[in-house]
Amino acid sequence: MIFDAHTHWDFQHERNEEGIRYAQSLGVEKIVAFGPGFGPNSHNSRQPNEDLATFAEKYPGFMYPVATVSPAMGSEAVENLRWAITEKHMVGLKLAPGAQAFRLAGDDAMAVLEEAQSLDIPVFVCASTSAHSTPSSAALVARNLPRLKLVLTHAGSANYWADAIRAAKRCDNITLLSCGNPLAGMRRMVKELGAERVIFGSDFPCAYPYAINYELAKVNSLDISEAERERILCKNIAELINVEV
Ligand SMILES: [Zn+2]
């Protein structure tokens, strides 16, 4: 099974159905859905999470929605996260510290991350080229919150992937979601960390149109067993969000 752990959906876009059919035509059977935009004030209300959760309800067993909050809102952000998980049945938290303009290891974010740890949900953090969320700052957070399930989306991207591997080596609670980084990076990740610490995702449809094909080709080119490929393509993410596959 192919479980795409990194997609974005603009729930008002009239061509969503087309995108979903395209993903399914490539064999994608389940997706983790993030929302369309992340800005400093984009999640100062519950509405964007409400909209994404409602959109995902149209695709039961296919689309698993992930919440985001604005950490600068302090205790309200923590409450909004708890509401999204317990009331709206969203399956994790996505944070993009660069776009949302906060420091991953700052006090506001730590309060939200502590809540995520106690809710036992994965946190998808965009750890790439932003000084707000380098892989080493993710490692700092992972060490302070050892039960937090931290997933580094883009796995350090083109420039920081070696740092992402180092962070994951230091912290067992970090998993790398490989999309948008080079094939050489993905090969090293799997070799040094093992297939159980690497997750497939495409960033579709917000990335280039052939993102799913490209990212699948990366996984398929790895010299690994079929059981290891299954871990990367589906089992690791399914276990993180408690979905039977
Ligand atoms: Zn993305």
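Relevant structure appears above.
Source: prediction; values computed, not measured. (Residues numbered from 1 in each chain as written. Predicted model: local features only at pLDDT ≥ 70, side-chain atom pairs only at ≥ 80, totals over all residues. Heavy atoms only, no water.)

Novice: Any chance you could explain the pattern of salt bridges here in plain terms?
Specialist: Any two side chains of opposite charge can pair, so long as their charged atoms come close to each other. In total, this model carries 10 salt bridges according to the counting rule given. Lys-169 serves as the salt-bridge partner of Glu-192, at 2.7 Å between the closest nitrogen and oxygen. In this pair, Glu-192 is assigned in helix H8 (residues 183-193) and Lys-169 in helix H7 (residues 157-170), connecting sequence segments 23 residues apart. For Glu-192, a relative accessible area of 31% translates into the label partly exposed. Residue Lys-169 is classed as partly exposed on the basis of its relative accessible area, which comes to 49%. Linking Glu-192 and Arg-188 is a salt bridge whose minimum nitrogen-to-oxygen distance equals 2.6 Å. Placement of the pair is Glu-192 and Arg-188 together in helix H8, with a separation of four residues, close to one helical turn. What makes Arg-188 partly exposed here is its relative accessible area of 35%. Linked by salt bridges that have partners in common, Lys-169, Arg-188 and Glu-192 make up one network. (Salt bridge = Lys/Arg side-chain N within 4 Å of Asp/Glu carboxyl O. Helix = DSSP H or I, 4+ residues; strand = E, 2+ residues; numbered from the N terminus. Buried < 20%, exposed > 50% of the residue type's maximum accessible area, 1.4 Å probe, protein only.)

Novice: Sorry, what's going on with the coordination of the zinc ion here?
Specialist: Every protein donor of the zinc ion is accounted for by His-6 (NE2), His-8 (NE2) and Asp-203 (OD), and the metal-donor separations fall at 2.0 to 2.2 Å. Spacing between the donor residues of the zinc ion along their common chain follows H-x1-H-x194-D. (Donors = N, O, S within 2.8 Å, 3.2 Å for Na, K, Ca; no water.)

Novice: It is not clear to me how the pairing of strand E2 (residues 28-34) should be interpreted in this structure. Could you clarify?
Specialist: Both faces of the sheet carry side chains from a regular strand, because those side chains alternate between them. The element E2 is largely enclosed, with a buried count of six among its seven residues. Direction of pairing for strand E1 (residues 2-8) relative to E2: parallel, over a ladder of five bridges. What sits directly across from His-8, in E2, is Phe-34. With helix H1 (residues 16-25) bridging E1 and its parallel neighbour E2, the resulting β-α-β unit is right-handed. (Pairing = 2+ DSSP bridges. Right-handed = clockwise from strand over helix to strand, strands pointing away.)

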